[in-house]
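Structure assessment
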Amino acid sequence: MSSGQNSGGLMSSAGLVRYFDSEDRNAPTIDPRTVVAFGLLFGALVLVLNAVA
């Protein structure tokens, strides 16, 4: 392989790593406990609706 040839690898994904690593300070944040509680409540609602129908 010649020294001027780009083999891809880490250099090709460096932009994506920078993009996903940065956090927007204006973005809304959700507590993980809220997500779990919502999932449990939604699951309970589905079970109740299946029992009624």
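Placed above this text is the structure.
Criteria and cut-off values
Residues numbered from 1 in each chain as written. Predicted model: local features only at pLDDT ≥ 70, side-chain atom pairs only at ≥ 80, totals over all residues. Heavy atoms only, no water. Patch = residues over 30% accessible without salt bridge, like charges linked within 9 Å, V, L, I, M, F, W, Y side chains within 5 Å. Areas by Shrake-Rupley, 256 points an atom, 1.4 Å probe, with all protein chains shown as cover. Salt bridge = Lys/Arg side-chain N within 4 Å of Asp/Glu carboxyl O. Helix = DSSP H or I, 4+ residues; strand = E, 2+ residues; numbered from the N terminus. Phe/Tyr/Trp six-rings, centres within 6.5 Å; stacked < 30°, edge-to-face > 60°. Buried < 20%, exposed > 50% of the residue type's maximum accessible area, 1.4 Å probe, protein only. Expected span 1.5 Å × (residues − 1).

A word on a nonpolar patch on the surface
Together, Phe-38, Phe-42, Leu-45, Val-46 and Leu-49 make up an exposed nonpolar region whose accessible area comes to about 510 Å². Secondary-structure assignment places Val-46 in helix H2 (residues 32–52).

Notes on the packing of aromatic side chains
Between two aromatic rings, the relevant description is the distance of the centres plus the angle of the planes. Under the criterion given, the structure shown has 1 aromatic pair. With a centroid separation of 6.4 Å and 20° between ring planes, the pair formed by Phe-38 and Phe-42 is classed as stacked. Residue Phe-38 and its partner Phe-42 are both found in helix H2; the two are separated by 4 residues, about one turn of the helix. According to the relative accessible area criterion, Phe-42 is partly exposed, its value standing at 49%.

A word on H2
Compared with an ideal rise of 1.5 Å per residue, which puts 21 residues at 30 Å, H2 spans 31 Å between its outermost C-alpha atoms and is within 8% of the ideal. Counting buried positions along H2 yields 0 of 21 residues, so the element is predominantly exposed.

Let's talk about the pattern of salt bridges
In total, this model carries 1 salt bridge according to the counting rule given. Here Asp-31 ties to Arg-33 by a salt bridge, and the two come within 3.1 Å at their closest N and O atoms.

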